[in-house]
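# Descriptive structure summary
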Amino acid sequence: MTHTSLLPPAGDPFWIDSPLEIRQIMRDLARRGPIVQCWGSLLAEPVTATILEVRESDDMVLRFAAGPLLRAGQSVAVLANLRSARTCFLVENLRPDDSGEALAHAARLPLRVHRLQRREFFRVPSPASLLCELPLRRAMTDEGAAKFGRLMLRLIDISAGGVCLALPAGTRLPLERETVLQGCSLELPGFGLIRFGLQLLSRLEAEEKSGEQLLGARFVEMDPLDQMLLQRFLYQLQISACD
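### So, the environment of Asp12
With respect to the secondary-structure elements, Asp12 resides in the segment before strand E1 (15-16). Taking the relative accessible area as the measure of exposure, Asp12 reaches 9% and is therefore buried. The contacts of Asp12, once residues within four sequence positions are left out, are His114 and Tyr235. Within the structure, Asp12 has its side chain in polar contact with the backbone nitrogen of Phe14 (distance 2.9 Å).

Set out below in C-alpha coordinates:
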(Lines give C-alpha, C1' and ligand atoms only; values in the text may rest on other atoms or scores of the structure.)
Protein backbone atom coordinates (compact mmCIF):
# COMPACT_ATOMS: atom_id res chain seq x y z
CA MET A 1 0.00 0.00 0.00
CA THR A 2 1.47 3.39 -1.03
CA HIS A 3 1.30 6.51 1.09
CA THR A 4 -1.00 8.20 -1.44
CA SER A 5 -3.48 5.30 -1.23
CA LEU A 6 -3.98 6.13 2.45
CA LEU A 7 -5.67 9.40 1.49
CA PRO A 8 -9.44 9.52 0.85
CA PRO A 9 -10.47 8.81 -2.77
CA ALA A 10 -10.45 11.73 -5.19
CA GLY A 11 -14.25 11.74 -5.42
CA ASP A 12 -14.86 12.10 -1.69
CA PRO A 13 -17.09 15.18 -1.10
CA PHE A 14 -14.93 16.58 1.73
CA TRP A 15 -11.93 17.51 -0.44
CA ILE A 16 -11.20 21.25 -0.49
CA ASP A 17 -9.70 22.84 -3.64
CA SER A 18 -9.88 26.55 -2.84
CA PRO A 19 -6.33 28.00 -2.48
CA LEU A 20 -7.58 30.64 -0.03
CA GLU A 21 -9.32 28.06 2.18
CA ILE A 22 -6.30 25.74 2.02
CA ARG A 23 -3.99 28.56 3.09
CA GLN A 24 -6.30 29.35 6.03
CA ILE A 25 -6.41 25.70 7.12
CA MET A 26 -2.61 25.42 6.99
CA ARG A 27 -2.18 28.67 8.94
CA ASP A 28 -4.60 27.39 11.55
CA LEU A 29 -2.58 24.18 11.91
CA ALA A 30 0.62 26.22 12.24
CA ARG A 31 -1.01 28.40 14.92
CA ARG A 32 -2.33 25.45 16.93
CA GLY A 33 0.87 23.47 16.55
CA PRO A 34 -0.52 19.91 16.72
CA ILE A 35 1.67 16.87 16.13
CA VAL A 36 0.88 15.45 12.68
CA GLN A 37 1.58 11.98 11.31
CA CYS A 38 3.45 11.63 7.99
CA TRP A 39 3.72 8.62 5.68
CA GLY A 40 6.12 8.45 2.73
CA SER A 41 7.28 5.96 0.10
CA LEU A 42 10.82 6.06 1.54
CA LEU A 43 9.70 5.74 5.16
CA ALA A 44 9.53 2.33 6.77
CA GLU A 45 7.07 3.71 9.33
CA PRO A 46 5.26 7.02 9.88
CA VAL A 47 7.14 9.96 11.40
CA THR A 48 5.76 12.88 13.36
CA ALA A 49 6.12 16.55 12.53
CA THR A 50 4.75 20.00 13.33
CA ILE A 51 3.81 22.73 10.86
CA LEU A 52 5.98 25.73 11.73
CA GLU A 53 4.68 28.39 9.38
CA VAL A 54 2.97 29.30 6.12
CA ARG A 55 4.84 31.91 4.08
CA GLU A 56 3.58 34.56 1.67
CA SER A 57 5.39 32.65 -1.08
CA ASP A 58 2.84 29.82 -0.60
CA ASP A 59 5.50 27.64 0.97
CA MET A 60 4.87 25.77 4.21
CA VAL A 61 7.57 24.64 6.64
CA LEU A 62 7.44 21.41 8.64
CA ARG A 63 9.79 20.31 11.41
CA PHE A 64 10.14 16.53 11.45
CA ALA A 65 10.97 14.36 14.44
CA ALA A 66 13.39 12.30 12.30
CA GLY A 67 15.78 13.79 9.76
CA PRO A 68 17.95 11.05 8.22
CA LEU A 69 14.86 9.26 6.81
CA LEU A 70 13.91 12.24 4.65
CA ARG A 71 15.34 13.00 1.23
CA ALA A 72 15.02 16.02 -1.06
CA GLY A 73 12.10 15.64 -3.44
CA GLN A 74 10.22 13.23 -1.19
CA SER A 75 6.43 13.39 -0.84
CA VAL A 76 4.47 12.54 2.31
CA ALA A 77 0.83 12.03 3.22
CA VAL A 78 0.00 14.08 6.31
CA LEU A 79 -2.76 13.54 8.89
CA ALA A 80 -3.71 16.09 11.55
CA ASN A 81 -6.23 14.59 13.97
CA LEU A 82 -7.75 17.40 16.06
CA ARG A 83 -10.65 17.29 18.49
CA SER A 84 -12.83 19.31 16.11
CA ALA A 85 -11.78 17.90 12.73
CA ARG A 86 -9.61 15.38 10.92
CA THR A 87 -7.45 16.91 8.17
CA CYS A 88 -5.21 15.11 5.68
CA PHE A 89 -3.34 16.10 2.53
CA LEU A 90 -0.34 15.32 0.31
CA VAL A 91 2.85 17.39 0.61
CA GLU A 92 5.08 17.00 -2.46
CA ASN A 93 8.75 17.70 -3.22
CA LEU A 94 10.06 18.35 0.28
CA ARG A 95 13.39 20.16 0.50
CA PRO A 96 15.61 21.29 3.40
CA ASP A 97 14.43 24.71 4.50
CA ASP A 98 16.66 27.69 3.61
CA SER A 99 16.59 28.78 7.26
CA GLY A 100 19.01 25.97 8.05
CA GLU A 101 16.97 24.90 11.08
CA ALA A 102 17.63 21.27 11.91
CA LEU A 103 14.91 18.87 10.69
CA ALA A 104 12.95 21.71 9.01
CA HIS A 105 11.73 21.06 5.46
CA ALA A 106 9.78 23.32 3.11
CA ALA A 107 7.29 22.54 0.34
CA ARG A 108 4.53 24.21 -1.61
CA LEU A 109 1.08 24.29 -0.04
CA PRO A 110 -0.98 21.21 -0.98
CA LEU A 111 -3.29 21.52 -3.96
CA ARG A 112 -6.11 19.73 -2.13
CA VAL A 113 -6.96 19.24 1.54
CA HIS A 114 -9.43 16.74 2.96
CA ARG A 115 -11.16 18.07 6.07
CA LEU A 116 -13.83 16.13 7.92
CA GLN A 117 -15.40 17.87 10.91
CA ARG A 118 -16.59 15.67 13.78
CA ARG A 119 -20.19 16.82 13.32
CA GLU A 120 -20.04 15.54 9.73
CA PHE A 121 -19.45 11.92 10.78
CA PHE A 122 -22.41 9.97 9.43
CA ARG A 123 -23.27 6.33 9.93
CA VAL A 124 -23.42 3.74 7.17
CA PRO A 125 -25.34 0.45 7.50
CA SER A 126 -22.85 -2.34 8.15
CA PRO A 127 -22.49 -5.50 6.05
CA ALA A 128 -23.97 -8.46 7.96
CA SER A 129 -20.58 -10.21 8.00
CA LEU A 130 -18.81 -7.48 10.02
CA LEU A 131 -18.06 -8.50 13.60
CA CYS A 132 -16.36 -6.34 16.22
CA GLU A 133 -14.13 -8.17 18.71
CA LEU A 134 -14.22 -7.00 22.33
CA PRO A 135 -11.58 -8.29 24.78
CA LEU A 136 -13.98 -9.04 27.62
CA ARG A 137 -12.98 -11.47 30.33
CA ARG A 138 -16.59 -11.80 31.45
CA ALA A 139 -19.88 -11.58 29.61
CA MET A 140 -22.64 -12.99 31.77
CA THR A 141 -25.63 -14.95 30.51
CA ASP A 142 -29.03 -14.83 32.18
CA GLU A 143 -28.09 -18.04 33.97
CA GLY A 144 -25.09 -16.28 35.53
CA ALA A 145 -22.41 -18.18 33.60
CA ALA A 146 -19.40 -16.55 31.93
CA LYS A 147 -20.00 -17.27 28.27
CA PHE A 148 -17.20 -15.47 26.43
CA GLY A 149 -13.51 -14.75 26.89
CA ARG A 150 -13.52 -12.41 23.88
CA LEU A 151 -16.87 -11.29 22.60
CA MET A 152 -17.72 -10.98 18.88
CA LEU A 153 -20.57 -8.54 18.30
CA ARG A 154 -22.42 -7.88 15.06
CA LEU A 155 -22.28 -4.33 13.71
CA ILE A 156 -25.56 -2.55 12.96
CA ASP A 157 -23.90 0.54 11.51
CA ILE A 158 -20.51 2.25 11.50
CA SER A 159 -19.09 5.75 11.03
CA ALA A 160 -15.72 7.45 11.28
CA GLY A 161 -16.63 8.28 14.87
CA GLY A 162 -18.08 5.04 16.22
CA VAL A 163 -20.33 2.00 15.87
CA CYS A 164 -23.68 0.58 16.88
CA LEU A 165 -23.32 -3.01 18.12
CA ALA A 166 -25.87 -5.78 18.65
CA LEU A 167 -25.56 -7.60 21.98
CA PRO A 168 -27.05 -11.13 21.73
CA ALA A 169 -30.18 -11.89 23.72
CA GLY A 170 -29.46 -13.23 27.19
CA THR A 171 -25.97 -11.69 27.40
CA ARG A 172 -25.13 -8.90 29.84
CA LEU A 173 -22.02 -6.74 29.66
CA PRO A 174 -20.43 -5.75 33.00
CA LEU A 175 -19.76 -2.23 31.69
CA GLU A 176 -21.14 1.13 32.75
CA ARG A 177 -21.84 4.09 30.47
CA GLU A 178 -18.66 6.03 29.53
CA THR A 179 -16.50 2.94 30.20
CA VAL A 180 -13.58 2.69 27.75
CA LEU A 181 -12.75 -0.81 26.56
CA GLN A 182 -9.23 -1.08 25.13
CA GLY A 183 -7.93 -3.63 22.63
CA CYS A 184 -11.01 -3.93 20.39
CA SER A 185 -10.57 -4.86 16.74
CA LEU A 186 -12.46 -5.09 13.46
CA GLU A 187 -11.56 -6.82 10.19
CA LEU A 188 -12.39 -4.55 7.23
CA PRO A 189 -12.86 -6.65 4.07
CA GLY A 190 -10.27 -5.65 1.51
CA PHE A 191 -8.45 -3.30 3.91
CA GLY A 192 -7.29 -5.41 6.84
CA LEU A 193 -7.53 -5.40 10.63
CA ILE A 194 -7.90 -2.15 12.58
CA ARG A 195 -7.52 -1.79 16.35
CA PHE A 196 -9.04 0.78 18.70
CA GLY A 197 -10.67 1.46 22.05
CA LEU A 198 -14.44 1.77 22.41
CA GLN A 199 -16.28 4.05 24.83
CA LEU A 200 -19.82 2.92 25.61
CA LEU A 201 -22.23 5.83 25.15
CA SER A 202 -25.73 4.36 25.15
CA ARG A 203 -27.80 1.22 25.62
CA LEU A 204 -31.04 1.00 23.66
CA GLU A 205 -34.01 -1.20 24.45
CA ALA A 206 -33.82 -4.76 23.13
CA GLU A 207 -35.37 -5.40 19.73
CA GLU A 208 -38.70 -7.18 20.09
CA LYS A 209 -38.07 -9.89 17.48
CA SER A 210 -34.42 -10.80 18.05
CA GLY A 211 -34.04 -9.78 21.66
CA GLU A 212 -30.72 -8.13 20.80
CA GLN A 213 -29.79 -5.00 22.75
CA LEU A 214 -28.23 -2.19 20.71
CA LEU A 215 -25.10 -0.54 22.08
CA GLY A 216 -23.77 2.81 20.85
CA ALA A 217 -20.01 3.38 21.24
CA ARG A 218 -17.40 5.78 19.92
CA PHE A 219 -13.84 5.07 18.80
CA VAL A 220 -11.03 6.25 21.08
CA GLU A 221 -7.26 6.05 20.73
CA MET A 222 -7.30 4.72 17.17
CA ASP A 223 -3.99 4.78 15.30
CA PRO A 224 -3.91 7.37 12.47
CA LEU A 225 -3.18 4.67 9.88
CA ASP A 226 -6.23 2.70 11.04
CA GLN A 227 -8.29 5.91 10.85
CA MET A 228 -7.31 6.37 7.22
CA LEU A 229 -8.14 2.73 6.38
CA LEU A 230 -11.52 3.09 8.08
CA GLN A 231 -12.28 6.26 6.14
CA ARG A 232 -11.49 4.58 2.82
CA PHE A 233 -13.62 1.58 3.80
CA LEU A 234 -16.56 3.85 4.66
CA TYR A 235 -16.26 5.62 1.33
CA GLN A 236 -16.44 2.22 -0.42
CA LEU A 237 -19.59 1.35 1.55
CA GLN A 238 -21.19 4.65 0.57
CA ILE A 239 -20.43 4.10 -3.12
CA SER A 240 -21.81 0.53 -2.96
CA ALA A 241 -25.00 1.78 -1.30
CA CYS A 242 -25.57 4.21 -4.20
CA ASP A 243 -25.12 1.60 -6.94
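### Digging into the pattern of salt bridges
If you walk through the whole model with that rule in mind, you get 11 salt bridges. Asp58 is the partner of Arg23 in a salt bridge, and the nearest nitrogen-oxygen pair spans 2.2 Å. Of this pair, Arg23 sits in helix H1 (residues 19-32) while Asp58 sits in the loop between strand E3 (47-54) and strand E4 (59-64); the two residues are 35 residues apart in sequence, bridging distant segments of the chain. In this structure Arg23 comes out as buried when scored by relative accessible area, which is 13%. The shortest N-O distance in the salt bridge between Arg55 and Glu53 comes to 3.2 Å. Several salt bridges converge on common partners, so that one network encompasses Asp28, Arg31 and Arg32.

### Some points on the layout of surface pockets
If you add up the space inside the second largest pocket, you get close to 240 Å³. Taken together, Leu7, Trp15, Phe89, Leu90, Val91, Glu92, Asn93, Arg108, Leu109, Pro110, Leu111 and Arg112 make up the lining of the second largest pocket. In terms of residues, the lining of the second largest pocket owes the most to one element, strand E6 (residues 85-91), which gives 3 residues. Grouping the constituent residues of the lining of the second largest pocket by class yields 8 nonpolar, 1 polar and 3 charged.

Scoring rules and cut-offs
- Residues numbered from 1 in each chain as written.
- Predicted model: local features only at pLDDT ≥ 70, side-chain atom pairs only at ≥ 80, totals over all residues.
- Heavy atoms only, no water.
- Helix = DSSP H or I, 4+ residues; strand = E, 2+ residues; numbered from the N terminus.
- Buried < 20%, exposed > 50% of the residue type's maximum accessible area, 1.4 Å probe, protein only.
- Contact = heavy atoms within 4.5 Å.
- Polar contact = N/O pair within 3.5 Å; in protein donor to acceptor, adjacent residues only side chain to side chain.
- Salt bridge = Lys/Arg side-chain N within 4 Å of Asp/Glu carboxyl O.
- 1 Å grid on protein atoms, 1.4 Å probe; cavity = no way out; pocket = protein on both sides within 12 Å on 5 of 7 lines; lining within 4 Å.
- Points joined across faces, edges and corners; volume = space filled by probe spheres on them.
- Nonpolar A, V, L, I, M, F, W, Y, C, P; charged D, E, K, R; others polar.

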